[in-house]
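Residue strings, one per chain:
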Amino acid sequence: MSRTCQVTGARPGFGNNRPWSKKATRRRWEVNLQKKTYYVPSLGRKVTLRLSTNAIKQIDVRGIDAVVAEMRARGEKI
């Protein structure tokens, strides 16, 4: 499974390590993904999502129902 947030779509960033010698080697910055389970009243069941910490904060502010409705509008299976 790819390291992608199901809500925000955040993916790893890519770039170079740059030590003092200026020798560039490739690296990637991973997204801080967490597995969270929420009860969604509109669906009447629990859903487990793979979320970035930024998405967890969005759910706290907007509510799980609004976020799930947006995901379903995009056509994503939950």
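Residues numbered from 1 in each chain as written. Predicted model: local features only at pLDDT ≥ 70, side-chain atom pairs only at ≥ 80, totals over all residues. Heavy atoms only, no water.

(A) Inspection of helix α1 (residues 53-62) at higher detail. Those residues of α1 not exposed but buried are A55, I56 and I59. The buried residues of α1 all sit within an arc of 105° when viewed along its axis, so they share a single face. Counted as exposed and oriented over 90 degrees from the buried face of α1: K57, D60 and V61. Residues of α1 that are buried make contact with β3 (33-40), β4 (45-52) and α2 (64-73). G63 sits one or two positions beyond α1 and adopts a positive phi of about 100°. (Buried < 20%, exposed > 50% of the residue type's maximum accessible area, 1.4 Å probe, protein only. Helix = DSSP H or I, 4+ residues; strand = E, 2+ residues; numbered from the N terminus. Arc of directions from axis to C-beta. Contact = heavy atoms within 4.5 Å.)

(B) Geometry of the nonpolar core. By size, the foremost hydrophobic cluster in this structure holds 16 residues, and its most contacted members are C5, V7, Y38, L49, L51, I59 and I64. If you list the elements that add at least two residues to this core, you get β3, β4, α1 and α2. A total of four residues in this core trace back to one element, the largest contributor, which is α2. I64 has contacts with Y38, Y39, V40, P41, L49 and I59, leaving out every residue within four places of it along the chain. (Core = buried A, V, L, I, M, F, W, Y, C linked by side-chain atoms within 4.5 Å.)

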